[in-house]
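The lines below spell out each chain.
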Amino acid sequence: MRHQIGLITYESNVHAWVLDLTGAVTGARDVAGLGDVLPLTIAEHGAWLRSHGAEVASSGEWEIAETLDGLALAATGGEFNFAYDREPLGGDELEALIARARWSRADLMATVEGLPDTLLDWAPPASTIASFDAWAPEVRTIREIAGHVLQLETYYRDGLRDGAAKGIFEHVDDPATERARTLRRLRAMSDEERSRRWMPVRPGRTAAEEWTVRKVMRRIIAHEREHAAEVRLRLTWVLLGLPRANDHS
């Protein structure tokens, strides 16, 4: 089988989502560069799924199914749906995606469990970070990374509504409480609601975004896996030393 890729093109790079491996995403400077990284991303994500007992058959081959212009999306806050995100979602498939989100959350929590305050509150120098988050110009501590993940889960979950919706910097409760709220919202949906498009309007904006349940699950899994990897990387620096300063020019 060939994995279907949803591509977002930006001025200086591209992001590639592996649509049939929910939450698998990578990037490169251009489309040509994806040939080097996408097989690795597909292999890693398949290994992650198998480590949790899922059966995954993959040849590593891929093809671009859809391309979106990231610059054009910036006019609406950068949010987007692929056509794949709009496909109907049955209850059994939702439960399979919930299981994957359970694994991504468990992996993230395992990276921070038992860490002392000295590590949780350590922020490495900005020179170690390859790119900056526009929403977090200062380098986050590990504790702040964990809080950020919960804030974004709330943001994603509240995208499943029409009209006024929550922003990114909302108050959050503990991880178990926030995940329980997400699961209640997802499992309470009818067949029609699981497959429809929702149009939330975020604070400070007048244009609505477009969200679906598939998009929410894609974003939750990818985001948790990304930051679990970030925390693991931080901890390797403690043992092996900080990387050389990056050129942000």
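Here's a quick rundown of the structure.

Definitions and limits used
Residues numbered from 1 in each chain as written. Predicted model: local features only at pLDDT ≥ 70, side-chain atom pairs only at ≥ 80, totals over all residues. Heavy atoms only, no water. Helix = DSSP H or I, 4+ residues; strand = E, 2+ residues; numbered from the N terminus. Expected span 1.5 Å × (residues − 1). Contact = heavy atoms within 4.5 Å. Buried < 20%, exposed > 50% of the residue type's maximum accessible area, 1.4 Å probe, protein only. Pairing = 2+ DSSP bridges. Core = buried A, V, L, I, M, F, W, Y, C linked by side-chain atoms within 4.5 Å. Phe/Tyr/Trp six-rings, centres within 6.5 Å; stacked < 30°, edge-to-face > 60°. Lys NZ or Arg CZ within 6 Å of the ring centre and 35° of its normal.

Considering helix 1 (residues 34-51)
- Taking 1.5 Å per residue, 18 residues should reach 26 Å; helix 1 reaches 25 Å between its end C-alpha atoms and fits that length.
- Elements in contact with the buried residues of helix 1: strand 1 (2-9), strand 2 (14-18), strand 3 (24-28), strand 4 (61-69), helix 3 (91-112) and helix 8 (213-240).
- Of the residues flanking the end of helix 1, it is glycine 53, one or two places downstream, whose phi is positive at about 90 degrees.

Section: the pairing of strand 2
- Burial analysis of strand 2 places four of its five residues in the buried class, the great majority of the element.
- Examined bridge by bridge, strand 1 and strand 2 share five bridges and lie antiparallel to one another. By the bridge assignment, leucine 7 is partnered in strand 2 with alanine 16.
- A loop of four residues connects strand 1 with strand 2, the two strands running antiparallel in sequence.
- Looking at chain direction, strand 2 and strand 3 are connected through five bridges and run antiparallel. Among the inter-strand pairings, valine 18 is bridged to a residue of strand 3, identified as alanine 24.
- Two successive antiparallel strands, strand 2 and strand 3, enclose a turn made up of five residues, where glycine 23 displays a positive phi of approximately 100 degrees.

A closer look at the nonpolar core
- If you look at the biggest cluster of nonpolar residues, it comprises 35 residues, and the most contacted ones within it are Val18, Leu34, Tyr156, Leu160, Leu186, Val213 and Met217.
- With eight residues, the next largest nonpolar core counts Ile8, Leu68, Phe82 and Ala222 among its residues.

Regarding the packing of aromatic side chains
- All chains considered together, the criterion is met by five aromatic pairs.
- Every member of this aromatic cluster is reached through a ring pair, and the members are Tyr155, Tyr156 and Trp211.
- Directly above the ring of tryptophan 211 sits lysine 215, whose terminal nitrogen or CZ lies 3.9 Å from the centroid.
- Residue placement shows arginine 218 over the ring face of tryptophan 17; its charged tip is 4.5 Å from the ring centre.

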